[in-house]
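Observations on the three-dimensional arrangement
These are the residues of each chain, in order.
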There are 4 protein chains.
Amino acid sequence: MPKKNKDQAPAKRGRPRSEATRLAILKAAREILDEAGPMRVTVEAVAARAGVGKPTIYRYWSNAQELSMTALMEGAPEGASDPATGEVGAIEALTAQVASVVQRFASRRGRQAALLMATAEADSELAKAFRNRVILSSRNEGKVYLKRAIEEGDLRGDVAIETALDLIYGPIFYRMLAGHAPLNEAFANEIVALALEGMKAR
Amino acid sequence: MPKKNKDQAPAKRGRPRSEATRLAILKAAREILDEAGPMRVTVEAVAARAGVGKPTIYRYWSNAQELSMTALMEGAPEGASDPATGEVGAIEALTAQVASVVQRFASRRGRQAALLMATAEADSELAKAFRNRVILSSRNEGKVYLKRAIEEGDLRGDVAIETALDLIYGPIFYRMLAGHAPLNEAFANEIVALALEGMKAR
Amino acid sequence: MPKKNKDQAPAKRGRPRSEATRLAILKAAREILDEAGPMRVTVEAVAARAGVGKPTIYRYWSNAQELSMTALMEGAPEGASDPATGEVGAIEALTAQVASVVQRFASRRGRQAALLMATAEADSELAKAFRNRVILSSRNEGKVYLKRAIEEGDLRGDVAIETALDLIYGPIFYRMLAGHAPLNEAFANEIVALALEGMKAR
Amino acid sequence: MPKKNKDQAPAKRGRPRSEATRLAILKAAREILDEAGPMRVTVEAVAARAGVGKPTIYRYWSNAQELSMTALMEGAPEGASDPATGEVGAIEALTAQVASVVQRFASRRGRQAALLMATAEADSELAKAFRNRVILSSRNEGKVYLKRAIEEGDLRGDVAIETALDLIYGPIFYRMLAGHAPLNEAFANEIVALALEGMKAR
DNA sequence: ATATAAACGAGACGGTACGTCCCGTCTTTCG
DNA sequence: CGAAAGACGGGACGTACCGTCTCGTTTATAT
């Protein structure tokens, strides 16, 4: 049996890519992001800071924006903030989660993420991953709570869950984008309360 | 009394700015926006296309982004789509308006506007104007409908109007940003129905 | 008469090019040439040293090689080493000139010039100018001496002047290229003597 | 007796270098030289074309220039165009040889060889070999003819042979470098005739 | 009518960053 | 264990725009 990998691995040749290098690049990108903002995350600056050649960066990402997206994704582990201990009611848990999302997106990092999302070319693979990880993961979490609230009889069973989710999470990004009102915990409570008002089981 | 303007006007001398030039610049910017997207709206390209010197553009705007915002604002007269003729119920009118807003932001121009808003420096005067004109004008329109619906007894009087408005208009930008579901008329109907469900007068 | 320039000047528009900038670039190029050799005359290094943007250099020259050629041409005024005072015989004057040419091309600058000539694209306008100024100017000077020598009866009148000139100046570049023997004053004397041996009027 | 080489060879271990590989590299280099010129003979391009790793090339040559020199040397077997059959006079034979040299250096390959020679670092071993093989071999051939011409009494015995050789072969490279006049057979005849004019035995 | 002065087109300028090519070295896996 | 493959740090390329700065040329007032 001369072959080691049974037709599953593509048999990589040549020097393998260095994970350490990749991490150094992401670290540098994250530092610049924090210190100087997204406009300064240029391939040139990141390469210089990471002690890396520009071509190495281009080997992994096709431009500074994609690099930024990866940096933001891998930098913030995106929590999955405690999947609700069951002790507490589903709607209360949802409210708490929305509050934490609001808080996250009220921060600089949150704004950067949204900006990046808005700027990105929508169809790239990385953009989709970023969207799922950064923008939609909270929405998916929320879906679990809503379903549980229905199971537990707190919400009516005929609720249009998808629309309800947009009602709950949409306003967060709206305020972030338009800035017409503050992003704080009170806001989180108001949204959830009002959005679910009409869905309550009587 | 040698002065004509009684110490209020600063007595303009020299050649006045040419409105035709300003319009040519905006026209060129809009064309590039349509043909090649917001990334290509560079001061250089606009100047070349408008047959204008770069300093002339900088005399009016401080960078390409501000120019784009003006172009977008003056290009789309922003409708103010018939302020509801009173014949029709306030909630129906609101639903129709939301549908038209959804349609507008489903277009390329709409996406460009939102992107520009996201990218803009939040504190500039022009950015505020842009925000009011492009992002918040629809919300303000909506507020009128909501108030009328309360007056007409369709909605309860103790409704938190501001939150309700965010509930209605937020999801539009959310879907535009995240792209997880389509922006169409059905969506408009669903949002309004669900958002107001809990505010209905019983 | 509204026009100032009577159809002779091409009516320059825009900010004129700064001669000071051009000279600073050439100075920097010459310095690098001296200190580090022709390989180090990169557009980037010259721009940095001259305190000039790269595009400014590309506005004048299309690559580092052309820049080097200009630097070498304008740097060494190419002497026209005293056009022979008439007091001395034409052949003696020629010998002295050849000796000075040998000396010049024995230097680093000389080698650089020849190398540049060899590397240059032959058909460019600048390459032709460089060839005339740096490589062929000495040959043209020599032609004057040969003619005078014929007039003065030192050489026969039926001599093939062009071939004779190649016989005299060719060996200089040959030795420089092949390096099989030294470039010194003795060599200059030998060449001229032997080359003209067969042309002496009897 | 397990060893093949009887203790005189340095006991080669491991996979021996493949001569086929070496030839493939040289072939690829020669092809690029022909098709795209000397500037395009980069180690990278040659490796790709020859289907060879870059380190393999660096194992044989220290840079692309040396590779080019070898390619040019081994590509053109350098003729040694008929070592004079004795039937014909030495001066006639010399004239014929000079004509063939002129023809060779009038070609693209000739120009490339001279360019390479000019660019090369003079002190490298390979550069010396190249110079001897490509630039000076014709001169050495010529020396034989000159000596024979003296022996045969066609030329005077007190001739400075080295200078005479430079007089004959120098103009070829001069014209190639400066391009002020064509390189053709007539030129070859003229040079030899004029150069030897003064050395003829009377 | 004639100065005066700002706006204008043109485009050069010092810069920053782009994305690409190639260098020469290194680190794997394959034959 | 040599050779292919190819990643790596690095340097330079030539280009696109940036925002600023002269230029010479209109074009309206204000004298």
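What comes next concerns the included structure. (Residues numbered from 1 in each chain as written. Chains lettered and ligands numbered in written order. Predicted model: local features only at pLDDT ≥ 70, side-chain atom pairs only at ≥ 80, totals over all residues. Heavy atoms only, no water.)

Notes on the overall build of chain A
Cut-off, in case you're wondering: Secondary structure elements follow DSSP: runs of H or I of four or more residues count as helices, runs of E of two or more count as strands, with numbering from the N terminus. Burial here depends on accessible area, computed with a 1.4 Å probe over protein chains only, as a share of the maximum for the residue type. Under 20% is buried, over 50% is exposed, and the range in between is partly exposed. Contacts: residue pairs with any heavy atoms within 4.5 Å of one another. Values of accessible area rely on a 1.4 Å probe in the Shrake-Rupley scheme; residue burial ignores everything except the protein chains shown.
From N to C terminus, chain A includes 9 helices and 0 strands. Reading the helices (α) and strands (β) of chain A from amino to carboxyl end gives α-α-α-α-α-α-α-α-α. Counting across all 202 residues of chain A, residues that qualify as buried make up 45%. Long-range pairs, those at least 24 residues apart, make up 67% of the contacts in chain A between residues at least 6 apart in sequence. Accessible area of chain A: about 10,800 Å², with a carbon and sulfur share of 52%.

Observations regarding the interface of chain B and chain A
Where the parts come together, the accessible area they lose is often given as the size of the interface. Applicable threshold: A quick way to say it: buried area is the sum, across both parts, of accessible area lost when two parts are put together, with a 1.4 Å probe. For this document, the term salt bridge refers to a Lys or Arg side-chain nitrogen within 4 Å of an Asp or Glu carboxyl oxygen. Between N or O atoms, a polar contact is any pair within 3.5 Å; within protein, one atom must be a potential hydrogen donor and the other a potential acceptor, and residues adjacent in sequence are included only when both atoms are from side chains.
Every contact between the two is made by 34 residues of chain B and, on the other side, 33 residues of chain A. Summing both partners gives a buried area of about 2,900 Å² for chain B against chain A, and 71% of it is carried by carbon and sulfur. For chain B, the biggest contributors to the area lost against chain A are Y174(B), L177(B) and L194(B); these three give 25% of the whole. Across the chain B-chain A interface, the total number found is 2 salt bridges. D166(A) is paired through a salt bridge with R175(B); the nearest N and O atoms lie 2.6 Å apart. In this structure, the connection of chain B to chain A is made through 10 residue pairs in polar contact (both at pLDDT 80 or more).

Comments concerning the packing of aromatic side chains
To be explicit about the condition: By convention, a stacked pair of Phe, Tyr or Trp rings (six-membered ring in the case of Trp) has centres within 6.5 Å and planes under 30 degrees apart, an edge-to-face pair has planes over 60 apart, and any other such pair is tilted. In our convention, an over-ring charge means Lys NZ or Arg CZ found within 6 Å of a ring centre and within 35 degrees of that ring's normal.
Scanning the entire structure with this criterion turns up 12 aromatic pairs over all chains. Of the aromatic side chains, those joined through ring pairs into one cluster are F105(A), F173(A) and Y174(B). We note R17(C) situated over the ring of Y60(C); from NZ or CZ to the ring centre the distance is 4.8 Å. It is R175(C) that lies over the ring of F187(C); its NZ or CZ is 3.7 Å from the centre.

A closer look at the protein's contact with DNA strand E
Basically, it comes down to this: Here, proximity means that at least one heavy atom of the residue falls within 4 Å of the molecule or strand.
In the neighbourhood of DNA strand E, 44 residues make up the surrounding shell, with E44(A), K54(A), Y58(A), R59(B) and K54(D) lying closest. Protein-adjacent atoms of DNA strand E, using a 4 Å cutoff, are sugar or phosphate at a proportion of 65%. Note that a phosphate oxygen of DNA strand E is positioned 3.0 Å from one of the backbone N or O atoms of V43(A). At 3.1 Å, a backbone N or O of S18(B) approaches a phosphate oxygen of DNA strand E. Secondary structure elements with two or more residues in the surface near DNA strand E: α2 (43-50) and α3 (54-60) of chain A, α3 (54-60) of chain B, α3 (54-60) of chain C together with α2 (43-50) and α3 (54-60) of chain D. If you tally residues by element for the surface near DNA strand E, the top one is α3(C), at 5 residues.

Considering the packing of helix α8 (residues 161-178) of chain A against helix α7 (residues 125-151) of chain B
This is how it is decided: Lines are fitted to the C-alpha atoms to define the axes, a helix being fitted only along its stretch in contact, and any angle between axes, read from their N-to-C directions, falls within 0 to 180 degrees. Each crossing gets its hand from how the near helix is turned against the far one by less than a right angle, where anticlockwise is left-handed and clockwise is right-handed. Side-chain classes are defined by residue name, with Ala, Val, Leu, Ile, Met, Phe, Trp, Tyr, Cys and Pro counting as nonpolar, Asp, Glu, Lys and Arg as charged, and the others, Gly among them, as polar.
The interhelical angle for the contact between α8(A) and α7(B), taken along N-to-C directions, is 145 degrees, at an axis separation of 11 Å. The element α8(A) and its partner α7(B) pack so that their crossing is left-handed. Contacts between α8(A) and α7(B) pair Y174(A), L177(A) and A178(A) from the former with R131(B), I135(B), L136(B) and R139(B) from the latter. Tallied by class, residues from the contact of α8(A) with α7(B) come to 5 nonpolar, no polar and 2 charged.

Brief notes about the relation of the copies chain C and chain D
One copy of the chain maps onto the second through a rotation about an axis and a displacement along it. Convention followed: Overlaid copies result from least-squares superposition on C-alpha atoms, with residues included only where pLDDT is at least 70 in both.
Its rotation angle being 179 degrees, the transformation that places chain C on chain D also includes 0.0 Å of axial translation and leaves an RMSD of 0.3 Å. This pairing of chains is accounted for by a two-fold axis. Closest approach to the rotation axis within chain C is made by the C-alpha atom of G198(C), at a distance of 1.8 Å. The residues that chain C uses at the interface reappear at the interface of chain D in 100% of cases, marking a shared surface.

Here's the deal with the interface of chain C and chain D
Tallying the contact residues gives 33 residues for chain C and 34 residues for chain D. Taken together, both faces of the contact between chain C and chain D bury some 2,900 Å²; the carbon and sulfur share is 71%. It is Y174(C), L177(C) and L194(C) in chain C that bury the most area against chain D; as a group they hold 25% of the surface buried on that side. Along the contact surface separating chain C from chain D lie 2 salt bridges. At the boundary of chain C with chain D, the tally comes to 10 residue pairs in polar contact (both at pLDDT 80 or more). Mapped by element, the contributors of at least two residues to the side of chain C that touches chain D are α6 (108-119), α7 (125-151), α8 (161-178) and α9 (185-197) of chain C. Broken down by element, the side of chain C that touches chain D gets its largest block of residues, 13 residues, from α8(C).

Some remarks on the relation of the copies chain B and chain A
Between the two copies, chain B and chain A, the superposition gives an RMSD of 0.3 Å; the rotation angle is 179 degrees and the shift along the axis is 0.0 Å. In this assembly, 97% of the residues forming the interface of chain B have copies in chain A that are likewise at the interface, indicating an isologous arrangement.

A look at helix α4 (residues 64-75) of chain C
Residue and element names in this part refer to chain C. Defined as follows: The span you would expect from a helix comes to 1.5 Å times its residue count less one.
For α4, spanning 12 residues, the distance from its first C-alpha to its last is 16 Å, which sits close to the expected 16 Å at 1.5 Å a residue. Within α4, the full set of buried residues consists of E66, L67, S68, M69, T70, A71, L72 and M73. Elements in contact with the buried residues of α4: α1 (19-36), α2 (43-50), α3, α6 and α7. Between a side-chain oxygen at the N-terminus of α4 and the backbone nitrogen of Q65 the separation is 3.1 Å; the capping residue is N63.

Here we look at the pattern of salt bridges
Inspection of the entire model under this criterion finds 52 salt bridges over all chains. Among the ionic pairs, E74(D) bridges to R22(D), the shortest N-O distance being 2.9 Å. You can see E74(D) sitting in helix α4 (residues 64-75) and its partner R22(D) sitting in helix α1 (residues 19-36), a full 52 residues away along the chain. Each member of the salt-bridge network shares a partner with another, and the members are R139(A), K143(A), E162(A), D166(A) and R175(B).

Describing the side chain of D166(A)
Residue position: D166(A) is located in helix α8. A relative accessible area of 0% means that D166(A) is categorised as buried. A distance of 2.9 Å separates a polar atom in the side chain of D166(A) from a polar atom in the side chain of H180(B). With residues near it in sequence (within four places) discarded, D166(A) still touches R139(A), P171(A), P171(B), Y174(B), R175(B), H180(B) and F187(B).

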